[in-house]
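# Chains, contacts and geometry: an overview
Next come the chains, spelled out residue by residue.
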Amino acid sequence: MIKSEFNKSLDIRDENITPYIPFILKDLWALGGNPDAVIKILKQHVALKEDSQIIDLGCGKGATVIELAKTFPGNYKGIDIIPEFIEEGNARIRENQLSETVVLRQGNMCETIAAPVKYDVVIYGHDSDAFGSIAKTLQVLSKKINDDGSIIYETAFHDGRYKGTGYFSEEALYSEIKNSGLQIIAQLKWNREYIRRQNEANNRLIEKRIEQLKEQRPDQCRLFDNFYLNQIRESNILDEYVECVTFVLKQGELL
Ligand SMILES: C[S@@+](CC[C@H](N)C(=O)[O-])C[C@H]1O[C@@H](n2cnc3c(N)ncnc32)[C@H](O)[C@@H]1O
C-alpha cells in the first residue's frame with residue numbers, strides 16, 4: 001500500500017495523527033460515502049439476487065454494505081485497512097443480525113483486487129489514487145466485475161471556480177470515464193444541502209473527540225488542532241466548490 005494514498009483517503013496531513021483516527025472518528029458511521037444514494041441508484045438500475053456477490057473496497061465501518069444488506073438480497077463483503085473500523089462494523093452486523101450475509105475483513109484493498117475473484121457489484125469511493133487516477137482506477141475495477149456486473153463509483157468534481165488540484169472538472173471526469181471503456185448506466189448527484197448538514201454534524205462530533213484528546217495529551221494539542229482545521233478546510237471546499245456523484249457503470253460494448 002502506498003502510505004500517502006491511505007493518508008489522502010482520510011485527509012491526513014501529518015502521519016502522527018494516524019493512531020488517533022479510530023478515536024477521532026468514533027462517533028461517525030458513514031465516513032464520506034453516501035449509502036442512501038447507493039440504495040436509491042441500485043434500486044432503479046441493478047437487480048440483486050440471493051446469490052449476488054457484492055464487495056465494498058475501503059468500506060470504512062461498513063456503513064454502505066450494512067445498509068444495503070438491510071434492503072437487498074445478496075452476499076456482502078467489505079475490506080478496510082483500519083482494524084478498529086472493522087470491529088465497529090462487526091458490532092453493527094451482530095446488532096442487526098446480518099452475520100449470514102455481511103462479512104467485513106481487515107486488509108489492504110490493493111491485495112483484494114489482485115486476487116482472481118469477480119463480483120456482481122464492486123463499490124468504490126474514490127477518496128485517493130490507490131488504484132491510480134480515474135480512468136486507471138475504473139480499468140482496474142472493471143476486471144473485478146462479471147460480464148454483466150456493475151461498478152458503483154462514488155466520486156466528485158469541481159464547479160470550475162475551484163483552483164486547487166484535488167478534483168477534476170465535470171467535463172474531465174466524464175472524459176476519464178469514457179477513456180476507461182466503461183458505460184455510464186446511471187448517475188445520481190448528491191443533495192448538496194443534505195451533505196452540508198451531515199458534514200457540519202460530523203465536524204461537531206470530531207471536534208468533541210479532538211477536545212478530549214487535547215485534555216489527555218496536552219503535549220499534542222497542535223497535532224490535534226491541525227487535523228481538525230484541515231477537516232474544516234476540506235469540508236468548506238466540498239460545500240463551496242464540489243459536487244459529489246454516484247455512478248452505476250458497466251462493461252462497454254465489445255467492438
Ligand atoms: C473516506 S473513508 C470512506 C469509507 C467508506 N467508504 C464510508 O463511506 O464509510 C476511506 C476508507 O478507505 C480506507 N482505505 C484507504 N486505503 C486503503 C487500502 N489500501 N486498503 C483498504 N482500505 C483502505 C480507509 O481506512 C478509510 O476507511
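Here is a short report on the structure shown in this document.

About the thresholds
Residues numbered from 1 in each chain as written. Predicted model: local features only at pLDDT ≥ 70, side-chain atom pairs only at ≥ 80, totals over all residues. Helix = DSSP H or I, 4+ residues; strand = E, 2+ residues; numbered from the N terminus. Rg over C-alpha atoms; globule rule 2.2 N^0.38 Å. Contact = placed C-beta atoms within 7 Å. Core = buried A, V, L, I, M, F, W, Y, C linked by C-beta atoms within 7 Å. Buried ≥ 20, exposed ≤ 12 C-beta atoms within 10 Å, placed from the backbone. Near = placed C-beta within 6 Å. Nonpolar A, V, L, I, M, F, W, Y, C, P; charged D, E, K, R; others polar. Axes fitted to C-alpha atoms, helices over the stretch in contact; angles between N-to-C directions. Parallel < 35°, antiparallel > 145°, perpendicular 65-115°, else oblique. Left-handed = near helix turned anticlockwise from the far one by under 90°. Arc of directions from axis to C-beta. Pairing = 2+ DSSP bridges.

## Quick word on the overall build of the protein chain
Within the protein chain one finds 10 helices and 8 strands. Its C-alpha atoms give the protein chain a radius of gyration of 18 Å, within 12% of the compact-globule value 18 Å for 255 residues. Principal axes of the C-alpha set define a box for the protein chain whose edges measure 60 × 45 × 35 Å. Sequence separation of 24 or more characterises 75% of the internal contacts of the protein chain that already satisfy a separation of 6 or more.

## Some thoughts on the nonpolar core
By size, the foremost hydrophobic cluster in this structure holds 46 residues, and its most contacted members are I54, V65, V122, I123 and I151. Examining the composition of this core, we find that 6 residues originate from one element, strand β5 (residues 145-158), more than from any other. Those residues in contact with V65 that sit more than four places away from it in its chain are I54, D56, C59, Y76, G78 and V102. The next biggest cluster of nonpolar side chains, apart from the first, holds 10 residues, and it includes I17, I24, I206 and L213.

## Comments concerning the site of the ligand
Among the 23 residues in the neighbourhood of the ligand, the closest are listed as L31, G32, G33, G58 and G60. Only α1 (3-9), β2 (75-80) and α6 (109-112) provide two or more residues apiece to the shell around the ligand. Partitioning the shell around the ligand into residue classes produces 14 nonpolar, 7 polar and 2 charged.

## Looking at the packing of helix α3 (residues 35-45) against helix α4 (residues 63-71)
Closest axis-to-axis distance for the α3/α4 pair is 9 Å, and the angle between their directions is 40°. Of the possible angle classes, the one that applies to α3 and α4 is oblique. Taken as a pair, α3 and α4 cross one another with a handedness that is right-handed. Facing P35, V38 and I39 of α3, the residues of α4 in contact are A63, T64, E67, L68 and T71. A class-by-class count of the residues in the contact of α3 with α4 yields 5 nonpolar, 2 polar and 1 charged.

## Thoughts on helix α7 (residues 134-142)
For α7, every residue scored as buried is listed here: I134, T137, L138 and L141. Angularly, the buried residues of α7 cover 95° about the axis, an arc narrow enough to put them on a single face. Next to the buried residues of α7 lie β4 (119-125), β5, β6 (168-169), α8 (170-180), β7 (182-189) and β8 (242-251).

## Describing the environment of D148
Position of D148 relative to the elements: it lies in strand β5. The sequence separation of D148 and K250 amounts to 102 residues, and the corresponding C-alpha distance is 7.1 Å.

## Regarding the environment of V140
Its place among the elements puts V140 in helix α7. Taking the C-alpha atoms as reference, V140 lies 9.4 Å from A114; in sequence the two are 26 residues apart. Those residues in contact with V140 that sit more than four places away from it in its chain are I113, F131 and G132.

## Quick notes on the pairing of β4
Burial runs high along β4: 7 of the 7 residues are buried. Here 4 bridges tie strand β1 (residues 53-57) to β4, and the two strands are oriented parallel to one another. Among the inter-strand pairings, L57 is bridged to a residue of β4, identified as Y124. Of the pairings in the sheet, the one linking β4 to β5 comprises 6 bridges and is parallel in character. Within β5, the position partnered with V122 by the bridge is I151.

## Looking at the environment of P19
Tracing the chain through its elements places P19 in the loop between α1 and α2 (21-24). For the pair P19 and A47, spaced 28 residues apart in sequence, the C-alpha to C-alpha distance is 40 Å.

## Points about the packing of α7 against α8
Two measures define how a pair of helices packs: the angle their axes make with one another and the distance between the axes. Contact geometry for α7 and α8: axes closest at 8 Å, N-to-C directions at 40°. The crossing of α7 and α8 is right-handed. Mapping the contact onto sequence places I134, A135, L138, Q139 and S142 in α7 and L173, E176, I177, N179 and S180 in α8. Among the residues making up the contact of α7 with α8, the classes are represented as 5 nonpolar, 4 polar and 1 charged.

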